[in-house]
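Each chain, written out:
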Amino acid sequence: MFRGASVQKKTAEAGKAMRIHLWNGFGRELKKATLRVACAVMLAWAAAGVARAAENYEVAVERNVAAKMRDGVTLRADIYRPKADGKFPVLLVRTPYDKTNESSFGMKGAARGYVVVEQDVRGRFASEGEFYTFKNESLDGYDTVEWAAALPYSNGKVGMFGGSYVGATQMLAAIAKPPHLAGICPTVTASNYHDGWTYQGGAFEQWFNESWSTGLAMNTMRRRLEESNALAGTKTLPLADFTVLEAPSAVGIAPYFKDWLAHPDYDAYWKRWSIEDHYGEIQVPVLSFAAWYDIFLGGSMKNYVRLKTEGGTEAAKHGQRLVVYVGGHAGGSASRWVGGVDFGEKLPIDQDELTLRWYDSIFKGVANGVEHEKPVKIFVMGKNEWRDEDDWPLARAKNAKYYLHSANGGAAGLGGNGTLSTAAPAEEKADQYVYDPSDAVPTIGGPLCCGALPTGIGPEDQRPAEGRADVLVFTTPAFAKDFEVTGPVTLDLYVSSSAVDTDFTGMLVDVWPNGFAQNLTSGILRMRYRNSQEKAELANPGETYHVTVDLWATSNVFLAGHKLRLEVSSSNFPRFDRNLNTGEIQSRGTRMIKATNVIYHDKAHPSALIVPVVP
């Protein structure tokens, strides 16, 4: 249900929770906070026939065990293992967020008969070297997998686990094909570190990039401080001028951030570590966790879909499993509340248990039911229930076009007359609005990381944005019966602009009978990248273009009495950087101009929202 007056309080709590979620291992602390709920859910699943391994070992722990990489750099790991004779499969996590935050899983996994290796990646916490996002994860991942496979208590079979960047360390290790890697379990991670991570539709993911880089830089700054050398100041005169503790310079502390800005195109910088360009190198089964409202949802779903056909082995192609919950970076997995919406008692899951259960099946041959289950499990919002599926996207879902309409171009804001229907348009006046970068449409909730904005995170009421004159609002009549949309969503638009470059945004919304406008999924397109993300092409002012905005995907039942709504605008700030409309290089621009942007919806230009409808 809608939280009403408690939204701001809950939003503040969500922001605090998300800070814990990021800096303490993407979800471990959130799971602890709601352990009773998660356990209750897992007990319910167990009652339905979900078996688990019978082992319950005492645990031995080794701290900061050194592993030397091929270039001589030493990485360090904590190892949790059964205190027993014999050899066991290994579960490996490689993290930039401090390996000690993974101790809960280490204890659980070791008690279940696994050697759990938790390693700080290069240049982070206890490991040597210099950290640079993505750069060293393939080779370091390969070397670490092979090192872990050779441990005296390892049986030579290695799996990996973890979320977000920790999911990237898995995918990048997998494309290097270490011989002893036998499975990976990436959670809420991407398929491409350009589109769907640093950029989306050509726009810079400003809130994520800036907040994530700031968090990463904290450990780098501490490392610089610890390297301070008092000997360097011993010749200082007078003695009173000696600086007892001098703050280290922040110059070059996060070089990757500047490099991201320097490479807005999808060029060689990004292609060298793109996962979706190397699916054929992945040769192991994959259990993927994705989430509605997660910032990496698009890539998570793409990983599952494309590995089914492009994986490097039959085991990889047929070993794909997908679980889609609600939240991810926008709310974890162990709470029924995400943003401003209560999704009910069925939502919370225990990812640790599901991960161990899957590895019990594929590594130990435990007959726990995994082998008989359908490959896809999704949470259907609206109905707020879990559902098993044969595949993704759903074969029975049929795309329906909901055409944009308005009387006399009057779709601006909630007070307008914009509508959506399956009837194709005849002759209609286009809608237009003025996009002013100095007064951008504010981000309200949505797929955010790393922390909530004052306006919330995940699903939040969009009415404050819908009241603006630069937001076009198109709405269906209330549904007489439940109406399900499950699958990829796209926005097909005919547009023009007075500027040489501008953005177009789209958002799918579920309007409740009380007016609460719940965002479901959204997207953006920077016009200079309308044809290709590899090469920018400025637009001709006034020329009409046919473009597609990828709104990613959702699964939602619009309950009887609810309405389906589409918002169209040109900004979503600060989630995305503001297009300054000048056509200049975005990272260097300071000059802003207003753009008059036009959405056509007539017989010759039938703009439409395309949604997959489940009968």
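Nothing here was measured: the structure is a model prediction, and the numbers come from that model.

Undergrad: Sorry if this is basic, but what is going on with the overall build of the protein here?
TA: Across its full length, the protein carries 13 helices and 26 strands. Over its C-alpha atoms the protein spans a radius of gyration of 25 Å, differing by no more than 12% from the 25 Å that the globule rule assigns to 615 residues. Projected onto the principal axes, the alpha-carbon positions of the protein cover approximately 75 × 75 × 45 Å. Within the protein, the proportion of its 615 residues that are buried is 59%. Contacts spanning at least 24 positions in sequence make up 76% of the contacts within the protein whose residues lie at least 6 apart. In the form shown here, the protein has an accessible surface area of approximately 23,700 Å², with 54% of it arising from carbon and sulfur atoms. In the protein, 65 side chains carry a positive charge and 70 a negative one; their mean positions are 2 Å apart.

Undergrad: Sorry if this is basic, but what is going on with the environment of R272 here?
TA: Here R272 shows up in the loop between helix 9 (268-271) and strand 9 (286-292). When its relative accessible area of 48% is taken as the criterion, R272 is described as partly exposed. Between the C-alpha atom of R272 and that of K99, which follows or precedes it by 173 residues, the distance is 27 Å. Among the polar contacts listed, one links the side chain of R272 to the backbone oxygen of Y269, at a separation of 2.9 Å.

Undergrad: Is there a simple way to think about a nonpolar patch on the surface in this case?
TA: A cluster of nonpolar residues, L225, F242, V244 and L245, forms a patch on the protein surface that exposes about 400 Å² of accessible area. Of the residues examined, L245 reaches a relative accessible area of 61% and is grouped as exposed.

Undergrad: Sorry if this is basic, but what is going on with the packing of helix 5 (residues 137-149) against helix 6 (residues 165-174) here?
TA: Helix-helix packing is characterised by the crossing angle of the two axes and by the distance between the axes. Remark: helix 5 packs on helix 6, axes separated minimally by 8 Å, with the N-to-C direction vectors making an angle of 75°. By the angle class used here, helix 5 and helix 6 are roughly perpendicular. Of the residues in helix 6, those touching helix 5 at E137, S138, G141 and Y142 are Y165, T169, L172 and A173. Considered class by class, the residues forming the contact of helix 5 with helix 6 number four nonpolar, three polar and one charged.

Undergrad: In this structure, what is going on with unusual backbone geometry? I would like to understand it.
TA: Excluding glycine, a negative phi dihedral is what most residues carry, and trans is how most peptide bonds are arranged. The omega torsion of the bond from L237 to P238 falls at -5°, within 30 degrees of zero and hence cis. For P238, the location among the structural elements is in the loop between helix 7 (206-226) and helix 8 (255-262). One non-glycine residue with positive phi stands out, namely V188, at about 35°. Locating V188 in the fold gives a position in the loop between strand 6 (181-187) and strand 7 (199-200). The class of V188 is buried, set by a relative accessible area of 6%.

Undergrad: Explanation requested: the sheet that holds strand 3 (residues 88-95) in the structure shown.
TA: Note: strands within a sheet are paired through backbone hydrogen bonds, in either parallel or antiparallel orientation. Strands sit in the order 1-2-4-3-5-6-9-10-13-14 across an open sheet of ten strands; the sheet is mixed. In this open sheet, the two strands that pair with only one neighbour each are strand 1 (59-68) and strand 14 (385-389). Going across the sheet, the axis of each strand differs from the next one's by a mean of 20°, ignoring polarity. Sheet topology places strand 3 next to strand 4 (residues 115-120); six bridges connect them, and they run parallel. For V93, the partnering residue across the bridge sits in strand 4 and is E118. Each of strand 1, strand 2 (74-82), strand 3, strand 4 and strand 5 (154-163) touches helix 4 (residues 103-111); the most contacted strand, strand 4, lies at about 160° to it.

Undergrad: Teacher, can you tell me more about the nonpolar core here?
TA: The nonpolar side chains of a soluble globular protein tend to be buried, and buried together. V117, Y193, I282, W292, W392 and L609 are the most contacted members of the largest nonpolar core, which has 154 residues in total. Broken down by element, the residue count for this core peaks at eight residues, all from strand 22 (residues 545-558). Setting aside residues up to four positions removed in sequence, V117 forms contacts with A77, D78, I79, V90, L91, L92, V93, W147, A148 and L151.

Undergrad: What is the right way to look at helix 4 in this model?
TA: Among the residues of helix 4, F105, G106, G109, A110 and A111 are the ones counted as buried. Following helix 4 by one or two positions, G113 adopts a phi angle in the positive range, close to 95°.

Undergrad: Would you mind going over the confidence of the model for the protein with me for this structure?
TA: Caution applies to low-pLDDT parts of the model: their predicted coordinates are not meant to be read in detail. Per-chain confidence: the protein averages 91 in pLDDT, with 91% of residues scoring 70 or above. Below pLDDT 50 for its whole length, residues 1-53 participates in 103 contacts with residues either more than four positions away or in separate chains.

Undergrad: Can you walk me through the packing of aromatic side chains in this structure?
TA: Note on aromatic pairs: each is described by the distance of the centres and the angle between the planes. Applying the stated criterion across every chain, the model contains 34 aromatic pairs. One residue, R124, lies across the ring of F131, its end atom 5.2 Å from the ring centre. Sitting over the ring of Y132, K135 keeps its end group 5.7 Å from the ring centre.

Undergrad: Help me out: how do you make sense of the packing of helix 4 against helix 12 (residues 351-364) in this one?
TA: Here helix 4 crosses helix 12 at 35°, and the two axes come no closer than 11 Å. Between helix 4 and helix 12 lies a crossing whose hand is right-handed. For the pair helix 4 and helix 12, the contacting residues are F105, K108 and G109 in the first and D352, T355 and L356 in the second. Taken together, the residues that form the contact of helix 4 with helix 12 break down as two nonpolar, two polar and two charged.

Undergrad: What am I meant to see in the pattern of salt bridges here?
TA: Side chains that differ in charge, positive against negative, can pair when their charged atoms come close. For the structure on display, the rule yields 34 salt bridges. In this structure, the salt-bridge partner of D388 is K377, at a minimum N-O distance of 2.7 Å. Of the two residues, D388 is situated in strand 14 and K377 in strand 13 (residues 376-380); the sequence distance between them amounts to eleven residues. Looking at D388, the relative accessible area reads 38%, which means it is partly exposed. Judged by relative accessible area, K377 falls into the buried class, the value being 19%. Here the salt bridges do not stand alone but share partners, grouping R387, E389, R396 and E484 into one network.

Undergrad: I'm lost on the pairing of strand 23 (residues 563-569) in this one. Help?
TA: Within strand 23, six of the seven residues are buried, leaving the element largely enclosed by the surrounding structure. Relative to strand 23, strand 18 (residues 472-475) runs antiparallel, the two being bridged by four bridges. Bridging across to strand 23, T475 finds its partner in R565. Judged from the seven bridges that link them, strand 20 (residues 503-511) and strand 23 form a sheet pairing that is antiparallel. Across the sheet, M507 pairs through a bridge with E567, a residue of strand 23.

Undergrad: Would you explain helix 5 in this entry?
TA: An α-helical turn contains 3.6 residues, so a residue and the one three or four places further along point in the same direction. Along its 13 residues, helix 5 runs 18 Å from first to last C-alpha, staying within 8% of the 18 Å computed at 1.5 Å per residue. In terms of residue burial, helix 5 counts as a mostly covered element, since ten of its 13 residues are buried. When we look at burial in helix 5, the residues that qualify are E137, S138, D140, G141, D143, T144, V145, W147, A148 and A149.

Undergrad: Looking at this structure, how should I read the environment of G319?
TA: Mapped onto the fold, G319 is located in the loop between helix 11 (314-318) and strand 10 (320-326). A C-alpha to C-alpha distance of 29 Å links G319 and N101, two positions 218 residues apart in sequence. When residues no more than four places from it in sequence are discounted, the contact partners of G319 are P285, V286, E314 and W358.

Rules used throughout
- Residues numbered from 1 in each chain as written.
- Predicted model: local features only at pLDDT ≥ 70, side-chain atom pairs only at ≥ 80, totals over all residues.
- Heavy atoms only, no water.
- Helix = DSSP H or I, 4+ residues; strand = E, 2+ residues; numbered from the N terminus.
- Rg over C-alpha atoms; globule rule 2.2 N^0.38 Å.
- Buried < 20%, exposed > 50% of the residue type's maximum accessible area, 1.4 Å probe, protein only.
- Contact = heavy atoms within 4.5 Å.
- Areas by Shrake-Rupley, 256 points an atom, 1.4 Å probe, with all protein chains shown as cover.
- Lys, Arg positive; Asp, Glu negative; His and termini not counted.
- Charge placed at Lys NZ, Arg CZ, Asp CG, Glu CD.
- Polar contact = N/O pair within 3.5 Å; in protein donor to acceptor, adjacent residues only side chain to side chain.
- Patch = residues over 30% accessible without salt bridge, like charges linked within 9 Å, V, L, I, M, F, W, Y side chains within 5 Å.
- Salt bridge = Lys/Arg side-chain N within 4 Å of Asp/Glu carboxyl O.
- Axes fitted to C-alpha atoms, helices over the stretch in contact; angles between N-to-C directions.
- Parallel < 35°, antiparallel > 145°, perpendicular 65-115°, else oblique.
- Nonpolar A, V, L, I, M, F, W, Y, C, P; charged D, E, K, R; others polar.
- Pairing = 2+ DSSP bridges.
- Core = buried A, V, L, I, M, F, W, Y, C linked by side-chain atoms within 4.5 Å.
- pLDDT = per-residue confidence, 0-100.
- Phe/Tyr/Trp six-rings, centres within 6.5 Å; stacked < 30°, edge-to-face > 60°.
- Lys NZ or Arg CZ within 6 Å of the ring centre and 35° of its normal.
- Left-handed = near helix turned anticlockwise from the far one by under 90°.
- Expected span 1.5 Å × (residues − 1).

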